[in-house]
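The residues making up each chain are set out below.
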Amino acid sequence: ALSYFRPPRVPPGEPFRLEVEDPTVGTVALSGALHAPASACNLLVALHGLGGSAESSYLRRLAAAAVAAGFACLRLNHRGAELEAQDYYHAGLTIDLESVLAAEELARFERVGVIGFSLGGHVALRYAAERPGTTDPRLVGVAAVCAPLDLDRGATALDGPGTWLYRRYILPGLRQQVDAVEKLRPVPCDRDRRARVRGIREWDSLVVAPRWGFASAEDYYARASVAPMLDRIALPAWIIESENDPMVPAWTLESALARVSSTTEVTWTPRGGHVGMPADEDQRQLDTA
């Protein structure tokens, strides 16, 4: 909670901006913050979770740790998360990550890793699963922390009675993003109706599915989920899940994790909640690695 009022400090950096072309809405600007020490030849691209942004506390902490270890770090906003782009993202949107990895501004780095938190972890895994053997040649691996893998089960869990507090945190951020897009172009579902949404499945049905050409929330989940594709990942991949994650509980993951590729390592941490791994748990993982 303290991080909300006093965000973790980040090392010196510079704004990152890249324009990509979308066949539906035209030019979309992607943004973030790049922390790149002059001596760094390796880059970590960090992806935030649902309703978050590049300013989320866990990405700020990651940037500080990466730079301290001699890495560069790009804290990347998903499409529209910075409240300035004329579009918004979904959990299977990987073309933006592909475009960022190909950006001239990042060409100087010799090796690249992608680490995603929550929905960002899903995007990282989906990127690798969609392109077995054809990812950016500098990409040495992907990591996903507390990522949902089956979007339908994930939505069911998030809409459960015990997670109302998390929905009250996530949904306002999603509304802000779509409200900002609406200032630039029409969006599905009017503002008053969006304000009355109380569940993730309802949001995906009214806002996400129509924008991205899915017939329904269920069609979106079926077509965008990485779960059926995990066995296609050819890169080294690390999936880290928490046994006491209230937002992505273990029962939503078990069937998906039964079919991971031979290059994928799965780690369960006994505590940490959702993307809140305590420092002693981080050290335990290093000691056992």
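Residue indices follow the written sequence of each chain, beginning from 1 at its first position. Note on the predicted model: pLDDT of at least 70 is required for a residue's local features to be given, and 80 or more for side-chain atom pairs to be given and counted; whole-chain, interface and lining totals, by contrast, use all residues. Derived side-chain values reflect all non-hydrogen atoms in the structure, with water molecules and hydrogen atoms excluded from consideration.

1. Here's the deal with unusual backbone geometry
Just so we agree on the cut-off: Helix and strand definitions follow DSSP, with helices as H or I runs of at least four residues and strands as E runs of at least two, each counted in order from the N terminus.
In the Ramachandran plot, S118 falls in the positive-phi region, its phi being about 55° despite a non-glycine side chain. Mapped onto the fold, S118 is located in the loop between β5 (111–117) and α4 (119–130).

2. A few points about the sheet that holds strand β7 (residues 237–242)
We apply this condition: In short, DSSP must find at least two bridges between two strands for them to pair. Lines fitted to the C-alpha atoms define the axes, with helices restricted to the stretch that makes contact. Angles between their N-to-C directions range from 0 to 180 degrees. What makes two residues a contact is simply this: any of their non-hydrogen atoms within 4.5 Å.
Read across the open sheet, the eight strands follow the order β1-β2-β4-β3-β5-β6-β7-β8; overall the sheet is mixed. Each edge of the sheet is formed by a strand with only one pairing partner; in this case those strands are β1 (14–22) and β8 (264–269). Each neighbouring strand pair of the sheet contributes to a mean axis angle of 20°, computed without reference to strand direction. Pairing of β7 with β8, which is carried by six bridges, proceeds in the parallel orientation. By the bridge assignment, A237 is partnered in β8 with T264. Where helix α2 (residues 57–68) meets the sheet, it contacts β2 (26–35), β3 (42–47), β4 (72–76) and β5, and its direction lies at approximately 165° from that of β4.

3. Digging into the side chain of R138
Short version of the rule: Each polar contact in these results corresponds to two N or O atoms within 3.5 Å; when the atoms are within protein, one needs to be able to donate a hydrogen and the other to accept it, and residues that are neighboring in sequence are counted only if both atoms are side-chain atoms.
Here R138 is to be found in the loop between α4 and β6 (139–145). A distance of 3.0 Å separates the side chain of R138 from the backbone oxygen of F109, its partner in a polar contact.

4. Details of the packing of helix α8 (residues 200–212) against helix α9 (residues 217–224)
Heads up, the condition is: These descriptions rest on fixed angle ranges, namely under 35 degrees for roughly parallel, over 145 for roughly antiparallel, 65 to 115 for roughly perpendicular, and the rest for oblique. Each residue is assigned to one of three groups, with Ala, Val, Leu, Ile, Met, Phe, Trp, Tyr, Cys and Pro labelled nonpolar, Asp, Glu, Lys and Arg labelled charged, and all others, Gly among them, labelled polar.
At a minimum axis separation of 8 Å, α8 and α9 run at an interaxial angle of 85°. Taken as axis vectors, α8 and α9 run roughly perpendicular relative to one another. Side by side, α8 and α9 meet where I200, R201, D204, S205, V208 and A209 of the first sit next to A217, E218, Y220 and Y221 of the second. Across the contact of α8 with α9, the residue classes tally to six nonpolar, one polar and three charged.

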